[in-house]
4 protein chains.
Amino acid sequence: MFFASDNWAGAHPLIAERLFQESGGFASAYGTSDLDRKVEAHFRDVFQHDVAVFFVGTGTAANSLALASVTRPGGVSFCHDEAHVMADECGAPEFFSGAARLVAVGGAHGKIDPADLKAKIGRFPPGAVHQGQPTAVTITQASEIGTVYSLDEIEAIAEITRAHSLPLHMDGARFANALVSLDATPADMTWKRGVDILSFGGTKNGCWCAEALVFFKPEIAKEVPFLRKRSAQLFSKSRFIAAQFDAYFKGGLWLDLARHANGMADELRAGLSASNRARLAWDTVSNEVFAVVTKDAAKTAEERGAKFYDWPVPAETPDLLGDNDMLIRLVTSFATSKDDVDGLLACLAG
Amino acid sequence: MFFASDNWAGAHPLIAERLFQESGGFASAYGTSDLDRKVEAHFRDVFQHDVAVFFVGTGTAANSLALASVTRPGGVSFCHDEAHVMADECGAPEFFSGAARLVAVGGAHGKIDPADLKAKIGRFPPGAVHQGQPTAVTITQASEIGTVYSLDEIEAIAEITRAHSLPLHMDGARFANALVSLDATPADMTWKRGVDILSFGGTKNGCWCAEALVFFKPEIAKEVPFLRKRSAQLFSKSRFIAAQFDAYFKGGLWLDLARHANGMADELRAGLSASNRARLAWDTVSNEVFAVVTKDAAKTAEERGAKFYDWPVPAETPDLLGDNDMLIRLVTSFATSKDDVDGLLACLAG
Amino acid sequence: MFFASDNWAGAHPLIAERLFQESGGFASAYGTSDLDRKVEAHFRDVFQHDVAVFFVGTGTAANSLALASVTRPGGVSFCHDEAHVMADECGAPEFFSGAARLVAVGGAHGKIDPADLKAKIGRFPPGAVHQGQPTAVTITQASEIGTVYSLDEIEAIAEITRAHSLPLHMDGARFANALVSLDATPADMTWKRGVDILSFGGTKNGCWCAEALVFFKPEIAKEVPFLRKRSAQLFSKSRFIAAQFDAYFKGGLWLDLARHANGMADELRAGLSASNRARLAWDTVSNEVFAVVTKDAAKTAEERGAKFYDWPVPAETPDLLGDNDMLIRLVTSFATSKDDVDGLLACLAG
Amino acid sequence: MFFASDNWAGAHPLIAERLFQESGGFASAYGTSDLDRKVEAHFRDVFQHDVAVFFVGTGTAANSLALASVTRPGGVSFCHDEAHVMADECGAPEFFSGAARLVAVGGAHGKIDPADLKAKIGRFPPGAVHQGQPTAVTITQASEIGTVYSLDEIEAIAEITRAHSLPLHMDGARFANALVSLDATPADMTWKRGVDILSFGGTKNGCWCAEALVFFKPEIAKEVPFLRKRSAQLFSKSRFIAAQFDAYFKGGLWLDLARHANGMADELRAGLSASNRARLAWDTVSNEVFAVVTKDAAKTAEERGAKFYDWPVPAETPDLLGDNDMLIRLVTSFATSKDDVDGLLACLAG
């Protein structure tokens, strides 16, 4: 009953097998092999657009390089207050960006509020040398709290970035989960809505270690090969990442895996909604579920081997919990089984 | 006939298989799993010493974090002029170190000359605020040109670093190749000779992607967890690195693979030495061989599918080549076959 | 009628004269002259404490070096949301600190709220590698909006920093104005209340260009000589700063100048309080005054040559202004005359 | 008898006086005053070219910002092995440039050898991601050892930088000394010979603290306002720098001062050349003189109060000194008197 995070899973058998098959033979190193080229081309097919693709090792690397690629002196990037880049990357985005700043933007349900974004950008008027200069906006899809920007919501953010000539980055550590939730195409959810740069995550959705930094305007990525190498993210045997993506895309495996994870989360949502002993803390639509449960139920679950994290009560809902309640986060993945979901629900929702 | 680099090989079957086996199940993320712990303990056994171990994704990351972990404002690190940190890492060591400088030290055969090291350190007397301050010395074992520091040579460098209270780092991207060449123990070649920090490379010797940063004085590594995370080198599914090392160490596989690679290089060396049409450019003892061959022979080899790199003539031997000669680098690996060696020698050495 | 900022003034005649007198002769460079030493010793007298003193060129440099001197990887410093380091230094603190982050803390009247500070620090528990690690707290005395921390309020912040073993920095760009407002000694307002590092500003209070970074625990300043030189803040003719401070301290000139500036602000405050056409936006006690005035009055003042800045309405008092009102900032200095104050009041307060 | 460095002098009376006069009144801050504008325009007159001018506090700041303004990821700048940026700035150029590297180029007499420059640039072919990418070349005029590039020599360097599309920077800490030595115009010695960016130093030639970063292609300086502010080099009372330059340029004072300094050096050169007890170590033409003197003579001079520095023997002339000899550097300035020159010669040259 592992619901702590989708990165507690290993690798999907088809991906692990593909990697194993690739282990023999020789190929040119540092991202120059035929397989690297083939998989990069596959990204073009998936997104129906010319792209510059850079394989990297972690989502933090992808996000940080994305922001670094467009930074300028005194630069500030705008992200949601709870974004991974702000809350969970130990300052890597700032470090990769040569000390640029992240500015927190508010917004309900883990998503940037366009009005607040406009206000925050407005604090940095052009040429205001004491304040600094805006360089990018980054959104997280799916968000850190299980919600998903609608296509219109992405477009609304993009209108603001276009108006300020700012690139729009999407942290897609859980890109596939958002995509199947919206039933959209990769193109729909990205460049067609104004996204310029994408951190495309494979690790949380069934790969060992496969992240890609995708630029929909390749001409702005000219310095990225140097940025990537300088940040030690150019892998000599780069095809071990490419091979994972090769299997990931094959036959739409990546979408199947995301559908499975989201489906398991749907089961959790249904079970919790139907319960008298637990309830959903807020609506989510991807593979993350936030539940208000009794401390006793949580304790029982943990005693039976369930793994999940306590979660801090959001500032916007201070009265979320009763005295005997706690808020927990449950994350499903490609590897989550119906048995585990049922077992957990038996503990929590009784 | 792949002799371009040891990183053109894939992964050894036992390592690839071990990784495949690990793909199922769940484990806590970010380096906290039981397997991570087990493999860290294995490092202690291998080195017969308490160590702090940090898995990272690339050799560049290991080297750069090593130097970053001991840097100070205005810091300078000393390395051989041809060291990987100087010549092949796109400034990553300086970037990770907050803009510290690398100072080139001369020395024959790819190894730091102790006298020149002393002289170079001497340019930075204590408190010389205009010049900066020494912070580390780094040596490469095996060196970039196939040579290996003897244990006494390491000790001679360490005497200097001790005298200046500087940490001594070893870039061990080809640690195993050097080790079996010297027939020494890991302890002999490191902390017993004054090495404080080691970049322990597995990738070039049969892993997909497995590098470890090893501190023999764990107390100086207190900031490294933050440094590693901030540089995007903390992998969520860290056990995909641990699993590779698990197989790498099992039954001494790592030493067997290095012996094989060195042995294949021995065959090359023997064949070239016996030839009238080619010769060794200089003596090497690890898995790298540098040969002076005729341009015709090189062309023939390439036409038959051999892969290798031209190499620039060292400044210290400007007259190395005749008019029809060229200098090439040949690198063997765990995956090099006797047939390939024989095939290449047939082309080059006739 | 110059009320835009205290840095619109030039230099006080006694300071300008002292600098002129110093222009002859020769002295050793880079902060090693007898005059540098003498003035450093004067700082010890002023603060009744052993100090390490570093002259620098700007307040931004002093603040940034202060935070840089205590930073660590993944480091975060805590400041008020409106602090100069956050709002007006173009990311210099982050840049000098190797990409460390500033975290905004709330608090009424431009001063850090201790409860919020505790909460914000609490988000970075020890060893939380994904979040980063606290490295310093910085307060501004006098604050950016004209208020001043009482000695007890400083002590309350210091209790928190001590509990977390964090150094406490004070941005004293308007140190003298705060000091005379509190009628305290320099020791009272700093190390006796737990301040570890001080940016001691002379520029806004009558110097041309004289800022000092003061450490009350000299042992933590060992890297600062290198930090200062590396950030291009070590002046060859350092005694041109020292000479200014020499005159600044002589006979308590610095306190007289601050008393004058505060006194002129008192006149403004009195005039505005007594007016029917204008009012104080909030209480201030140093040389800054924030006034709600009619747009007509402001226009009249500007037409008569008055210089001041519009100021954004604070989020905590959204209803501050009527339809015809505006919020302005008025800053006095050593050079402000009673005539100018009266002239301005005639325009604004009628 | 102060010959240690030209920065041991104070300020020329006309410059000190001009600064004193400026001390009254009010003016807008941060480089926006009328005086700032006027002096910037003066730079345009002096150089007969449109320029973007940025006043900064130190030569290290000017040099570091110059290189930072054109840096890119993995960037390397090329400078003479003995350049100030390499030898005397504690890594500031690298720090300001976000960890870019300086690559040392050889050349006799303190000047870059064009052939070696070509060779060094050649190590960084376009797209060589492992090596990094060239971003600038910087030359020092006058050089650190008292020599001066002829106009043709500057042109020869510029041909190389143009061929590689690299900006050419000139460190002009002793610009005026070089200029009067060549009897050239400012335009001749800079943009007419291909110089793109200039660090224009006033401090060593009679100012307290006046350095300017000058761009001859203003369009490449668009980020410099942010770079300067972020590095804490934007002075609130910027006109204290502008006022110094105002006097510096007035009536050609700057050229007179440099002529005086060079003339005093000429006297030293003449006296040493005529001596049996001392000799010139190498030919110089600016305000620096390097002399081989007997240890006894040096001791005598020091006992009589002379100040100068020992200088290391250049690697290219290992046999420069006899057993009883030492190499010393003598620097003259606007403040050097004929009496002091005669007094020193009496000690050294007998």
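Small disclaimer: the values here were computed from a predicted structure and weren't measured. (Residues numbered from 1 in each chain as written. Chains lettered and ligands numbered in written order. Predicted model: local features only at pLDDT ≥ 70, side-chain atom pairs only at ≥ 80, totals over all residues. Heavy atoms only, no water.)

On a plain count of helices and strands, chain A comes out with 14 helices and 11 strands. Against the 2.2 N^0.38 benchmark of 20 Å for 350 residues, chain A shows a C-alpha radius of gyration of 20 Å, consistent with a compact globule. Counting only C-alpha atoms, chain A reaches 55 × 55 × 30 Å along its principal axes. Within chain A, the proportion of its 350 residues that are buried is 66%. Total accessible area on chain A is roughly 11,700 Å²; 50% of this is exposed by carbon and sulfur atoms. With 33 positive and 44 negative side-chain charges, chain A shows a separation of 5 Å between the mean positions of the two kinds. (Helix = DSSP H or I, 4+ residues; strand = E, 2+ residues; numbered from the N terminus. Rg over C-alpha atoms; globule rule 2.2 N^0.38 Å. Buried < 20%, exposed > 50% of the residue type's maximum accessible area, 1.4 Å probe, protein only. Areas by Shrake-Rupley, 256 points an atom, 1.4 Å probe, with all protein chains shown as cover. Lys, Arg positive; Asp, Glu negative; His and termini not counted. Charge placed at Lys NZ, Arg CZ, Asp CG, Glu CD.)

Before going further, it helps to examine the packing of aromatic side chains. For the structure shown, the criterion picks out 126 aromatic pairs over all chains. Ring geometry for D:Phe290 versus D:Trp311: centroids 5.5 Å apart, planes at 65°, classification edge-to-face. With D:Phe290 in strand E9 (residues 288-294) and D:Trp311 in the loop between strand E10 (309-310) and strand E11 (325-331), this pair connects stretches of sequence that are 21 residues apart. The class of D:Phe290 is buried, set by a relative accessible area of 0%. Given the relative accessible area of 27%, D:Trp311 is considered partly exposed. Three or more aromatic residues joined by ring pairs make a cluster, and in this case those are A:Phe43, A:Phe47, A:Phe55, A:Phe175, A:Phe200, A:Phe216, A:Phe245, A:Tyr248, A:Phe249 and A:Trp254. Cation over ring: A:Lys111 sits above A:Tyr149, and NZ or CZ is 6.0 Å from the ring centre. (Phe/Tyr/Trp six-rings, centres within 6.5 Å; stacked < 30°, edge-to-face > 60°. Lys NZ or Arg CZ within 6 Å of the ring centre and 35° of its normal.)

All right, on to the relation of the copies chain C and chain D then. Once chain C is rotated about the relating axis by 180° and shifted along it by 0.0 Å, it coincides with chain D to within an RMSD of 0.0 Å. The symmetry that links the two subunits is that of a two-fold axis. In this assembly the copies share their binding face: 100% of the residues contributing to the interface of chain C also contribute to that of chain D. (Least-squares fit on C-alpha atoms with pLDDT ≥ 70 in both. Contact = heavy atoms within 4.5 Å.)

In this assembly, 18 residues from chain C lie in contact with 18 residues from chain B. Both faces combined, the contact of chain C with chain B buries some 1,600 Å², and carbon together with sulfur accounts for 68% of it. Per-residue buried area on chain C facing chain B is highest for C:Pro73, C:Val129 and C:Phe226; these three make up 39% of the total on that side. A salt bridge links C:Glu223 to B:Arg72, with the nearest nitrogen and oxygen atoms 3.2 Å apart. Scanning the region where chain C abuts chain B turns up 8 residue pairs in polar contact (both at pLDDT 80 or more). The element contributing the most residues to the side of chain C that touches chain B is helix H9 (residues 224-230) of chain C, with 5 residues. Of the residues assigned to the side of chain C that touches chain B, the class counts are 8 nonpolar, 6 polar and 4 charged. (Buried area = accessible area lost by both parts, 1.4 Å probe. Salt bridge = Lys/Arg side-chain N within 4 Å of Asp/Glu carboxyl O. Polar contact = N/O pair within 3.5 Å; in protein donor to acceptor, adjacent residues only side chain to side chain. Nonpolar A, V, L, I, M, F, W, Y, C, P; charged D, E, K, R; others polar.)

The next point concerns the state of the cysteines. All names here are of chain D. For the structure shown, the criterion picks out 0 disulfides over all chains. Here Cys 79 stays unpaired: no disulfide links it, and the sulfur of Cys 90, its closest cysteine neighbor, is 15 Å away. Its relative accessible area of 0% is what places Cys 79 among the buried residues. (Disulfide = S-S within 2.5 Å.)

Once that is clear, we can look at the side chain of C:Thr147. All names here are of chain C. Locating Thr 147 in the fold gives a position in the loop between strand E4 (133-140) and helix H7 (151-163). On the basis of relative accessible area, Thr 147 is assigned to the buried category, the value being 7%. At 2.7 Å, the side chain of Thr 147 and the side chain of Ser 143 are in polar contact. If we skip the residues at most four places from it in the chain, Thr 147 touches His 109, Lys 111, Ala 142, Asp 283 and Val 285.

This part is about the environment of B:Thr60. Its location among the elements puts B:Thr60 in helix H3 (residues 59-69). The exposure class assigned to B:Thr60 is buried, which follows from its relative accessible area of 6%. Separated by 141 residues in the primary sequence, B:Thr60 and B:Gly201 place their C-alpha atoms 10 Å from one another. Once residues lying within four places of it in the same chain are set aside, the contact partners of B:Thr60 are A:Lys229, A:Ala232, B:His84, B:Glu89 and B:Ala92.

Turning to the pairing of strand E9 (residues 288-294) of chain A, a few remarks are in order. Residue and element names in this part refer to chain A. In terms of burial, E9 is largely enclosed, as 6 of its 7 residues are buried. Both strand E8 (residues 278-280) and E9 contribute to a ladder of 3 bridges, which runs antiparallel. What sits directly across from Ala 278, in E9, is Val 293. For E9 and strand E11 (residues 325-331), the ladder comprises 7 bridges, and the chain directions are antiparallel. Each residue of the ladder has a partner; that of Val 289, found in E11, is Leu 330. (Pairing = 2+ DSSP bridges.)

Moving on: the sheet that holds strand E5 (residues 168-172) of chain B. Residues and elements named next belong to chain B. The mixed open sheet is built from 7 strands, whose spatial order is E1-E7-E6-E5-E4-E2-E3. Looking at strand neighbours, the two that pair on one side only are strand E1 (52-56) and strand E3 (101-105), the edges of this open sheet. The average undirected angle you get between the axes of adjacent strands in this sheet is 25°. Of the strand pairs in this sheet, strand E4 (residues 133-140) and E5 are connected by 4 bridges, and their pairing is parallel. Bridging from a neighbouring strand, Thr 140 pairs with Asp 171 of E5. In the packing of helix H2 (residues 34-47) onto the sheet, contacts are made with E1, strand E6 (197-201) and strand E7 (211-215), and the angle to E1 comes to roughly 120°. Contacts from helix H7 (residues 151-163) reach E4 and E5, with the element oriented near 145° to E5. (Axes fitted to C-alpha atoms, helices over the stretch in contact; angles between N-to-C directions.)

What follows deals with empty space enclosed by the protein. Evaluated as defined, the whole model comprises 15 cavities of 30 Å³ or more. Forming the boundary of the largest cavity are 30 residues, of which C:Tyr30, D:Thr58, D:Gly59, D:Thr60 and D:Lys204 lie nearest the centre. Among the secondary structure elements, those contributing two or more residues to the lining of the largest cavity are helix H3 (59-69), strand E5 (168-172) and strand E6 (197-201) of chain D. By residue class, the composition of the lining of the largest cavity is 9 nonpolar, 13 polar and 8 charged. Taken as a whole, the second largest cavity spans an internal volume of roughly 230 Å³. Lining of the second largest cavity is provided by 21 residues; of these, A:Thr58, A:Gly59, A:Lys204, B:Tyr30 and B:Ser236 occupy positions nearest its centre. When residues in the lining of the second largest cavity are grouped by element, the largest group, 3 residues, is from helix H3 (residues 59-69) of chain A. Residue composition of the lining of the second largest cavity, grouped by class: 7 nonpolar, 9 polar and 5 charged. (1 Å grid on protein atoms, 1.4 Å probe; cavity = no way out; pocket = protein on both sides within 12 Å on 5 of 7 lines; lining within 4 Å. Points joined across faces, edges and corners; volume = space filled by probe spheres on them.)

So, on to the interface of chain C and chain D. Contacts between chain C and chain D engage 52 residues on the former and 52 residues on the latter. Here chain C and chain D share an interface that buries about 4,400 Å² over both sides, 67% of which is from carbon and sulfur atoms. By the criterion of area lost to chain D, the three top residues of chain C are C:Phe26, C:Trp208 and C:Lys237, representing 20% of everything that side buries. Remark: the boundary between chain C and chain D carries 0 salt bridges.

Residues and elements named next belong to chain A. What the rule picks out here adds up to 79 salt bridges over all chains. Of the charged contacts in the structure, one is a salt bridge between Lys 38 and Asp 246, with a shortest N-O distance of 3.1 Å. With Lys 38 in helix H2 (residues 34-47) and Asp 246 in helix H11 (residues 239-249), this pair connects stretches of sequence that are 208 residues apart. Its relative accessible area of 11% is what places Asp 246 among the buried residues. Salt bridges linked by common partners bring Arg 18, Glu 22, Lys 38, Arg 239 and Asp 246 together as one network.

Right, let's get into helix H12 (residues 295-303) of chain C. Residues and elements named next belong to chain C. Where H12 is concerned, the buried positions are Ala 297, Ala 298 and Ala 301. End-on view of H12: buried residues confined to an arc of 100°, all on one side of the axis. Exposed side chains of H12 directed beyond 90 degrees from the buried face belong to Asp 296, Lys 299 and Glu 303. Each element contacted by the buried residues of H12 is listed here: strand E9 (288-294), strand E11 (325-331) and helix H13 (338-348). (Arc of directions from axis to C-beta.)

All names here are of chain A. Split by domain assignment, chain A resolves into domain 1 (11-253) and domain 2 (255-348). Each partner contributes residues to the interface: domain 1 has 24 residues there, and domain 2 has 20 residues. Carbon and sulfur atoms supply 55% of the area that domain 1 and domain 2 bury against each other, a total of about 1,700 Å² over both sides. Among the residues of domain 1 in contact with domain 2, Ile 145, Asn 177 and Val 180 are the three that bury the most area, contributing 27% of the side total. Where Arg 174 meets Glu 288, a salt bridge forms, and the shortest distance between an N and an O atom there is 3.5 Å. Scanning the region where domain 1 abuts domain 2 turns up 12 residue pairs in polar contact (both at pLDDT 80 or more). In terms of residue count, helix H8 (residues 175-182) provides more of the side of domain 1 that touches domain 2 than any other element does, 5 residues in total. (Domains from an automatic or database assignment.)

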